[in-house]
Amino acid sequence: MVNKATLLEAIAGKNRGLLATETEKTAILAAVAQLEDRNPTPRPLEAPDLLEGNWRLLYTTSSDLLNLGRFPLWQLGQIYQCIRTADAKIYNIAEVSSLPYLEGIISVGARFEPVSERRVNVNFNRSVVGLQRLIKYQSPTNFIQQIETGKKFAALDFNIQSREQRGWLETTYLDENLRIGRGNKDSVFVLTKP
């Protein structure tokens, strides 16, 4: 019987999935599926107090995210998905580092619309890519507060209007500090909240 501790042990040391072998990926996905079957919050969109907050990515099968860690001279730092339920917004933030003083950030913001008890449609609308020092990045919360005030950053800061920048996200497991989600590109996400 798989429990949270079993899953967390399986994904430990895998650098969000970058270091997982095919055998380990299969075992992790099996553990994810077993945990999803025991989801304590079957209607996660009706539990905004649990969904709300800054979630840190522990593991994913998303090639879009994992490819960020494959750039030469880049080291992938923390990745966050920050959910603001009252405003129906999601912010994905990846911290990257290179040479000293060249730490960067890659961020996309989106609006979401519930379409079932577990699924939201996501429409990406803004991207910010730049050096942490130049945009005065301190934390996801501080960064999002700046975005919400309408600040334009000294970075590659642009609106996304392409129809292809849409997707969906389904929360398949949710408790006080663990969230599992599945996305439209057949991606799995395991996240934790401190």
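Please refer to the structure higher up on the page.
A brief structural summary.

The rules behind these values
- Residues numbered from 1 in each chain as written.
- Predicted model: local features only at pLDDT ≥ 70, side-chain atom pairs only at ≥ 80, totals over all residues.
- Heavy atoms only, no water.
- Buried < 20%, exposed > 50% of the residue type's maximum accessible area, 1.4 Å probe, protein only.
- Helix = DSSP H or I, 4+ residues; strand = E, 2+ residues; numbered from the N terminus.
- Pairing = 2+ DSSP bridges.
- Axes fitted to C-alpha atoms, helices over the stretch in contact; angles between N-to-C directions.
- Parallel < 35°, antiparallel > 145°, perpendicular 65-115°, else oblique.
- Left-handed = near helix turned anticlockwise from the far one by under 90°.
- Contact = heavy atoms within 4.5 Å.
- Nonpolar A, V, L, I, M, F, W, Y, C, P; charged D, E, K, R; others polar.

**What to know about the pairing of strand 8 (residues 178–183)**
Of all the six residues making up strand 8, five are buried; the element is thus mostly covered by neighbouring parts of the structure. Taken together, the five bridges between strand 7 (residues 166–174) and strand 8 define a ladder with antiparallel strand orientation. Residue Leu169 lies in a different strand from strand 8, and its bridge partner there is Gly183. Joining the antiparallel neighbours strand 7 and strand 8 is a turn of three residues. Pairing of strand 8 with strand 9 (residues 188–192), which is carried by five bridges, proceeds in the antiparallel orientation. Along strand 9, the bridge assignment pairs Gly181 with Phe189. Hairpin remark: strand 8 followed by strand 9, antiparallel, with four residues in the connecting loop; positive phi at Asp186, about 60°.

**Considering the packing of helix 1 (residues 4–11) against helix 2 (residues 22–36)**
Where helix 1 meets helix 2, the closest approach of the two axes is 10 Å, and the angle between their N-to-C directions is 160°. In this view, helix 1 runs roughly antiparallel relative to helix 2, as classed from their interaxial angle. The handedness of the crossing between helix 1 and helix 2 comes out as left-handed. Between helix 1 and helix 2, the contacting residues are Lys4, Leu7, Ala10 and Ile11 on the first element and Ile28, Ala31, Val32 and Leu35 on the second. Of the residues belonging to the contact of helix 1 with helix 2, the class tally is seven nonpolar, no polar and one charged.

**Notes on unusual backbone geometry**
You will see that Ala88, though not glycine, has its phi angle at about 55°, which is positive. Tracing the sequence through the fold places Ala88 in the loop between strand 2 (75–84) and strand 3 (89–97). Even without being glycine, Asp186 reaches a positive phi, approximately 60°. Mapped onto the fold, Asp186 is located in the loop between strand 8 and strand 9. Taking the relative accessible area as the measure of exposure, Asp186 reaches 69% and is therefore exposed.

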